[in-house]
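# Coordinates in review
Each chain, written out:
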Amino acid sequence: MDHSPLEAEIRVRIQKAGPMSVRQFMSYCLTHPDYGYYMTRDPLGRTGDFTTSPEISQVFGELIGLWAASAWHLMGQPENVRLVELGPGRGTMLLDALRAAQVVPKFRQAIVVHLVEASPVLRKRQEVSFGALDVPVMWHESFEDVPEGQVIVLANEFVDALPVNQAIKQFNGWYERTVEIDNAGSLAFGISDEQIPLFEQMLPPQVRDAPIGSIYEWRSEHLGLAIGQRVVSQHGAALIVDYGHAQSAVGETLQAVGGHAFANPLVSPGEVDLTAHVDFQALALAAERMGARTFGPVEQAQFLRNLGVEKRALALKAYVPREKGDEVDAGVQRLLGEGRGEMGRLFKAIAFADPKLGDLPGFEPVP
Ligand SMILES: C[S@@+](CC[C@H](N)C(=O)[O-])C[C@H]1O[C@@H](n2cnc3c(N)ncnc32)[C@H](O)[C@@H]1O
C-alpha cells in the first residue's frame, strides 16, 4: 500500500528506532519541515479545516487590541513596546487589534510587532497582510528569539497546537503512550515497555488516584517558564486564549480535524490538524514559578463580556448594512455561546504579568 511521504518517514523511524511517543508523532505531523500540516498549507477559514475566533468576528481582535492598550497603560506607557503574537495564522487578530488601538495613538506609535510563526505558508500570507501597515513587523522562529524589551504577548489557539505527551495508568504505574505499527501493518497506539519513573509523585494531587486505564496529557513547561520570566524581568503582560481545562485532570483530548470534521489522528499524518486541550493550571504553575502573577483562567464569554463585547458589537452594527448586522450577531453568539460548536465556555483566557503592574482587565468576577 502506498503511504504519503510523511507516513512513510514515520514508519521508517518506528521500524528503525521503535515506537515513538505521541508527542513525537504530533510534532512530525504538525511541523515536519517538508510535510508538516502547518508547513504546507493555510488551514484556516471556511474552505480550510477550522475557523478561529478572529476569523469569526472582527470584534474579537478589536477587544484584544483594547486589552493590550490597557496593559501598556499599566506598564507605564513605554515609548517602545514589543507586541508579540505567537502563531498568528492569517494575522487577522493583530490587524483588528492594531486598528482598534488607533484610539490610543501613543500606544499605537510605541508598537513594534513581533510574530512567532513556524509556517512558511502562513508567514507569506502575514507578509502580505502586514505589508501595507505603518508598523514595523519582524518574524521569529520561537518566542526566545524576540529581542529584549518590554513585551505584550498575545496567543490565540497557539498552545493547543503544541505537542503533548500522553501517559497511561497501569496497575503498577504510568507508561508513556506511543505510536507503533500493529500486526495488521497500521499505525496504532501502544504503550511503552518501561514505566515512567516517579511519575505519580510529579502529578498534581487531584490526578494521583486516577483509575487504571486513565490517560494524562502534558506539555513541555518551556513556554510557560519563558513567558513568566519575560513578563517579570521586563515588566510585561501576556494573554493566552485557547480551549482546555482550568484544572489539571485525566482524560484524552488529542483530536484530529480535517474539513471541519473530526478524523482519526493516526490516519493521514500531516493532512489533518492535531490538537489537544490546554491545561491552564500547568501553564499557570510554570509562569508563576518565574514570579509572574496569573489572572484567570476565565471562560471566553466572561472575558469578552468584561471587555465590553456587547457594546462593541452594537457600535459595529450601527456602521454596517442590515444584513451584515445579522452576521455580527451570529459571530458574537458563536464567540459567547455555550451550545454545540460555540466557544463561550470551552475557550478560556488566562493572563500573566509582572506582579507590579496592577489588575489587568477582563478577569473581573461575574457580578
Ligand atoms: C490554530 S492556528 C491559530 C492561528 C491564529 N492565532 C488564529 O487564532 O486564527 C495555529 C498557529 O500557530 C502556528 N504554529 C503552530 N505550531 C507552531 C510552532 N511550534 N511554532 C510557531 N508557530 C506555530 C501555526 O502556523 C498557526 O499560525
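### Observations regarding helix α14 (residues 322-336)
The terminal C-alpha atoms of α14, which comprises 15 residues, lie 21 Å apart, in line with the 21 Å expected from a rise of 1.5 Å per residue. Taken together, the buried positions of α14 are Gly325, Val328, Gly331, Val332, Leu335 and Leu336. Along the long axis of α14, the arc covered by the buried residues comes to 125°, so they all point the same way. Across α14 from its buried face, at more than 90 degrees, point the exposed residues Glu323, Asp326 and Glu327.

### Considering the sheet that holds strand β12 (residues 261-263)
Across the sheet, which stays open at both edges, the 3 strands sit in the order β12-β11-β13 with antiparallel pairing between neighbours. Whereas interior strands pair on both sides, the edge strands pair on one side only; in this sheet they are β12 and β13 (273-275). Taken pair by pair, the neighbouring strands of this sheet meet at an average axis angle of 40°, ignoring direction. Inspection of the sheet shows strand β11 (residues 255-258) paired to β12 by 3 bridges, in the antiparallel sense. When the sheet's bridge partners are listed, Ala256 is paired in β12 with Ala263.

### Some details on the environment of Leu307
Looking at where Leu307 falls in the secondary structure, it is placed in the loop between α12 (300-306) and α13 (309-319). The class for Leu307 is buried, based on a relative accessible area of 18%. Linking Leu307 and Pro163, residues 144 residues apart in sequence, is a C-alpha distance of 31 Å.

### Focus on α13
Here α13 has its buried residues at Val309, Ala313 and Leu316. In an axial view of α13, the angular spread of the buried residues amounts to 65°, which keeps them on one side of the axis. In α13, the exposed positions angled more than 90 degrees off the buried face are occupied by Lys311, Leu314 and Ala318. In this structure, the buried residues of α13 make contact with α5 (58-74), α12 and α14.

### Section: the pattern of salt bridges
Two side chains bearing opposite charge may form a pair once their charged atoms approach each other closely. Here the structure, examined in full by the defined rule, presents 18 salt bridges. Note that Asp42 and Arg125 form a salt bridge whose closest N and O atoms lie 3.0 Å from each other. Of the two residues, Asp42 is situated in the loop between α3 (37-40) and α4 (53-56) and Arg125 in helix α8 (residues 120-131); the sequence distance between them amounts to 83 residues. The class for Asp42 is partly exposed, based on a relative accessible area of 23%.

### Quick look at the site of the ligand
Looking at the ligand, there are 18 residues lining it, with Thr52, Gly87, Gly89, Glu117 and Asn156 nearest. In the model, a nitrogen atom of the ligand is placed 2.7 Å from a nitrogen or oxygen of the Gly87 main chain. In this structure, Gly89 approaches the ligand through a main-chain N or O atom, which is 2.9 Å from an oxygen atom. For the ligand, whose accessible area on its own is 580 Å², the fraction buried by protein is 93%. A class-by-class count of the residues in the shell around the ligand yields 10 nonpolar, 5 polar and 3 charged.

Criteria and thresholds
- Sequence positions are assigned chain by chain, starting from 1 and proceeding in written order.
- Local features in this predicted model are restricted to residues whose pLDDT is 70 or higher, and side-chain atom pairs enter the listing and the counts only when it is 80 or higher, whereas totals over whole chains, interfaces and linings include all residues.
- Only heavy atoms go into the side-chain values, all of them from the structure, while hydrogens and water stay out.
- For helices the rule is a DSSP run of H or I covering at least 4 residues; for strands it is a run of E covering at least 2, with both sets numbered from the N terminus onward.
- To estimate the expected span of a helix, count its residues, drop one, and scale the result by 1.5 Å.
- Accessibility here uses a 1.4 Å probe with only protein chains present; expressed as a share of the type maximum, an area under 20% marks a residue as buried, one over 50% as exposed, and anything in between as partly exposed.
- As used here, the arc is the angular range of directions from the helix axis to the C-beta atoms.
- Any two strands between which DSSP finds at least two bridges are classified as paired.
- As a rule, the C-alpha atoms of each element are fitted with a line to give its axis, helices using only the stretch in contact, and angles between N-to-C directions run from 0 to 180 degrees.
- Contacts: residue pairs with any heavy atoms within 4.5 Å of one another.
- Between Lys or Arg on one side and Asp or Glu on the other, a salt bridge is scored when a side-chain nitrogen of the former is within 4 Å of a carboxyl oxygen of the latter.
- One heavy atom within 4 Å of a molecule or strand makes the whole residue count as near it.
- Polar contacts here mean pairs of N or O atoms no more than 3.5 Å apart (in protein, one a potential hydrogen donor and the other a potential acceptor; neighbouring residues in sequence count only if both atoms are side-chain atoms).
- With residues, only the protein chains shown are counted as cover, and all accessible areas are computed by Shrake-Rupley using a 1.4 Å probe.
- Polar here means any residue outside two lists: the nonpolar Ala, Val, Leu, Ile, Met, Phe, Trp, Tyr, Cys and Pro, and the charged Asp, Glu, Lys and Arg; Gly therefore counts as polar.

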